[in-house]
Amino acid sequence: MVDSGGLWTPPEDELGEALQTAQVLIEEGRADEAGPYQQRVIELARERAGERPDHYEAKHLMAATQYELAGSLNASGRHEEALAALHEAQLGYTELSDAGELDATSFLADVRARRAMTQAHRGHGATAVLEVDGAVIAYGQLVGGENGILHQPDFARVLAMNALILRRYGDPDLAVASADAATQLFLQLADQINASPQALSYARYLCSSTAVSADIHASEGRLDLALEADEIGLSTADTLADSESATDLRTLVSALTRKGKHLGIVGRIIEGENCLRTAYATDPKTAALVNEELDRGIPPSLTTALETAEIKLGPYEQYHRLMALSEPAPGMTLATVSGRTDPESAAVRATELAELVRPMLAHDAETALTLGLEAHYLFAISSERESHRMRYETSTYAPVWAQVLLDISEAYHAAGQTEMALDLAGWSAEVATALIPFTTTDHEVKDLAGACLRHHGDLLAAKGDFTASQHAHEAAQQL
């Protein structure tokens, strides 16, 4: 979404020129070049807002441009700065909402979705899944509201972002459901989207949703659906490549590589080789990266992980209750973790999942990590929705949450996935902090909280953040 902020000045005005240039660069797929222009827009808008505290148009423009700046910073690999820009955007939109100047629901959902993508870029996948989950839920409510039709293109965009993140850090069954829903919605809205000034941006998200669909359908043997998604993605990418943007060219090469691989699987060897030959001739680096990603395969779904656990551990009592999580909760569509069950049940199901993690770590680390992540996501959603269990039975559920976070963080660290390990360690430290009131009477909880804080401190030190590491170790000592 490109939000002009409601303040559009004539082109001869410096602010207007900088804003227009930045938006053109974004639409052309050159977001990494837009940053300096966006910074200038923010400076000029801040000057105008400083002259008039009630200049809400300037404040809106600042928030909108901070949001867009985060996208440019991400394109340049400056993810920490992008998070800071998104924080400023959130503060700005919240101020406008509190002043009664703006219904900020969609803008705050967009901030959350872009923050999710930023966290995913920096390897903090657990946080990314939960951030984008909230964005999808917010847009789902908007499209069901009075002006729902206006929000449908952005709902499709956020579903595509959700699919990308879930493909890597969540359940592929949820990812493909989200990707398919995004693709269908984009196609249904084609006329509306093509008339939009953000048409190229939406087309790029359509390419990402078809890529997720094709990958996961192919991995499950649904080659007809995979090739159908490939065709939509390749056709869209081919049109995008006319922009002569390096980003769009990479998208085209990715689509060619993906389709070439899938054609080879179904026995259409010559067609597949032609696609791959064109991809490697155009951009061998991108083609090789996509090929490597496809060869790595898809992580196990929750359903597969539960079935594997039954094989490795033997029958367990909670199997059928946990398998029911693969069906959407009443009134929900199963494209997000929060669609699995209600907040109260989420804490119970998370506890049952957590019971399987430690035994599975000794047999099958990949399955154990899937189960552990799904437990964490359910605990976090139950906590965010302020369920009765998480608010008033903290001493029952929070220790289980902290332990599973500690276990899977250590497992990710041992596997060399340091950013994911650090992300989960940060969550474990937060849960440990919530346990502090119980540490004076329960020595096991005290030891667990201390272990979480020390582990977080150790990972912070390994990353070079010695000040934060010292604070974590001091907190552990104070216990």
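Residues numbered from 1 in each chain as written. Predicted model: local features only at pLDDT ≥ 70, side-chain atom pairs only at ≥ 80, totals over all residues. Heavy atoms only, no water.

Okay, the overall build of the protein next. Of the regular secondary structure elements, the protein holds 23 helices and zero strands. Expected size for 479 residues packed as a compact globule is a radius of gyration near 23 Å; at 23 Å, the protein falls within 12% of this value. Per-residue burial over the protein gives 55% buried out of 479 residues. Contacts spanning at least 24 positions in sequence make up 65% of the contacts within the protein whose residues lie at least 6 apart. Carbon together with sulfur atoms contributes 51% to the accessible area of the protein, which is approximately 21,100 Å² in total. Distance between charge centroids for the protein: 3 Å, based on 35 positive and 72 negative side chains. (Helix = DSSP H or I, 4+ residues; strand = E, 2+ residues; numbered from the N terminus. Rg over C-alpha atoms; globule rule 2.2 N^0.38 Å. Buried < 20%, exposed > 50% of the residue type's maximum accessible area, 1.4 Å probe, protein only. Contact = heavy atoms within 4.5 Å. Areas by Shrake-Rupley, 256 points an atom, 1.4 Å probe, with all protein chains shown as cover. Lys, Arg positive; Asp, Glu negative; His and termini not counted. Charge placed at Lys NZ, Arg CZ, Asp CG, Glu CD.)

Here the focus is helix H5 (residues 105-121). If you check H5, its first and last C-alpha atoms are 25 Å apart, about what 17 residues at 1.5 Å a residue would give, namely 24 Å. Counting buried positions over the 17 residues of H5 gives 13, a clear majority of the element. Within two residues after H5, Gly 123 carries a phi angle of roughly 90°, on the positive side. (Expected span 1.5 Å × (residues − 1).)

A word on the environment of Ala 380. Here Ala 380 is to be found in helix H18 (residues 365-384). Accessibility expressed as a relative area gives 7% for Ala 380, which makes it buried. Separated by 264 residues in sequence, Ala 380 and Ala 116 have C-alpha atoms that sit 15 Å apart. Non-local contacts of Ala 380, meaning those with residues more than four positions away in its chain, are made with Leu 130, Trp 401 and Trp 427.

Below, the discussion takes up the pattern of salt bridges. Counting across every chain of the model gives 28 salt bridges. Residue Glu 384 is joined to Arg 112 by a salt bridge in which the shortest nitrogen-to-oxygen separation is 3.1 Å. Residue Glu 384 is located in helix H18, and its partner Arg 112 is located in helix H5; the two are separated by 272 residues in the primary sequence. One salt-bridge network, held together by shared partners, links Arg 112, Arg 115, Glu 131, Asp 133, Glu 384 and Arg 385. (Salt bridge = Lys/Arg side-chain N within 4 Å of Asp/Glu carboxyl O.)

As a packed pair, helix H6 (residues 125-143) and helix H7 (residues 148-169) sit with axes 9 Å apart at the nearest point and diverge in direction by 160°. Here H7 runs roughly antiparallel to H6, going by the angle between their axes. In terms of crossing hand, the pair formed by H6 and H7 is left-handed. Considered class by class, the residues forming the contact of H6 with H7 number 15 nonpolar, six polar and two charged. (Axes fitted to C-alpha atoms, helices over the stretch in contact; angles between N-to-C directions. Parallel < 35°, antiparallel > 145°, perpendicular 65-115°, else oblique. Left-handed = near helix turned anticlockwise from the far one by under 90°. Nonpolar A, V, L, I, M, F, W, Y, C, P; charged D, E, K, R; others polar.)

Before going further, it helps to examine helix H4 (residues 79-98). Look at H4: 28 Å from first C-alpha to last across 20 residues, which is about the 28 Å you get at 1.5 Å a residue. Along H4, the positions that sit buried rather than exposed are His 79, Ala 82, Leu 83, Ala 85, Leu 86, Ala 89, Gly 92, Tyr 93 and Leu 96. Contacts made by the buried residues of H4 are with helix H3 (56-75) and H5. Just downstream of H4, Gly 100 is the residue with a positive phi angle, here 75°.

Turning to the side chain of Thr 65, a few remarks are in order. By the secondary structure assignment, Thr 65 is in helix H3. If we ignore the near neighbours within four places in the chain, the residues touching Thr 65 are Leu 19, Gln 38, Val 41 and Ile 42.

What follows concerns the side chain of Ser 213. You can see Ser 213 is positioned in helix H10 (residues 199-219). If we ignore the near neighbours within four places in the chain, the residues touching Ser 213 are Val 176, Ala 179, Asp 180, Thr 183 and Ala 229.

A positive phi is found at Glu 386, a non-glycine position, where the angle reads about 55°. One can find Glu 386 in the loop between H18 and helix H19 (388-392). The class of Glu 386 is exposed, set by a relative accessible area of 53%.

Mapped onto the elements, Ile 408 comes out in helix H20 (residues 394-414). In this structure, Ile 408 is in contact with Val 357, Ala 368, Leu 369, Gly 372, Leu 373 and Leu 424, ignoring residues within four places of it in sequence.

As a further point, take the packing of H7 against H10. At a closest axis distance of 9 Å, the pairing of H7 and H10 adopts a crossing angle of 40°. The angle between H7 and H10 falls in the class oblique. The crossing of H7 and H10 is left-handed. From H7, Pro 153, Asp 154, Arg 157, Ala 160, Met 161, Ala 163, Leu 164 and Arg 167 reach across to H10, where they touch Tyr 202, Tyr 205, Ser 208, Ser 209, Val 212, Asp 215 and Ile 216. Considered class by class, the residues forming the contact of H7 with H10 number nine nonpolar, two polar and four charged.

Here the focus is the state of the cysteines. Tallying each qualifying case throughout the model produces zero disulfides. As a non-bridged cysteine, Cys 207 has Cys 275 as the owner of its nearest cysteine sulfur, 15 Å distant. (Disulfide = S-S within 2.5 Å.)

Ranked by size, the top nonpolar core spans 97 residues in total, and within it Ile 165, Phe 186, Leu 306, Leu 353, Leu 371 and Trp 401 carry the most contacts. In contact with Leu 306, other than residues within four places in its own chain, are Tyr 316, Tyr 319, Leu 322, Met 323, Leu 353, Leu 356 and Leu 371. Counting residues in each nonpolar core, the second largest holds 17 residues, with Ala 70, Leu 73, Leu 102 and Phe 107 among its members. (Core = buried A, V, L, I, M, F, W, Y, C linked by side-chain atoms within 4.5 Å.)

Time to look at the confidence of the model for the protein. Residue-level pLDDT values for the protein average 90, and 96% of them are 70 or greater. Ranking the elements of the protein by mean pLDDT puts helix H1 (residues 14-27) last with 76 and H18 first with 97. (pLDDT = per-residue confidence, 0-100.)

Taken as a whole and judged by the stated rule, the model has five aromatic pairs. Pairing Tyr 93 with Phe 107 gives two aromatic rings, centres 4.9 Å apart and planes at 15°, and the pair type is stacked. One end of the pair, Tyr 93, is in helix H4; the other, Phe 107, is in helix H5, and 14 residues separate them in sequence. One exposure class covers both Tyr 93 and Phe 107, and it is buried. Ring centres 5.7 Å apart and planes at 20° place the aromatic pair Phe 379 and Trp 401 in the stacked group. One end of the pair, Phe 379, is in helix H18; the other, Trp 401, is in helix H20, with 22 residues separating them in the sequence. Here Phe 379 matches Trp 401 in class, with each residue buried. Chaining the aromatic ring pairs together yields one cluster made of Phe 379, Trp 401 and Trp 427. (Phe/Tyr/Trp six-rings, centres within 6.5 Å; stacked < 30°, edge-to-face > 60°.)

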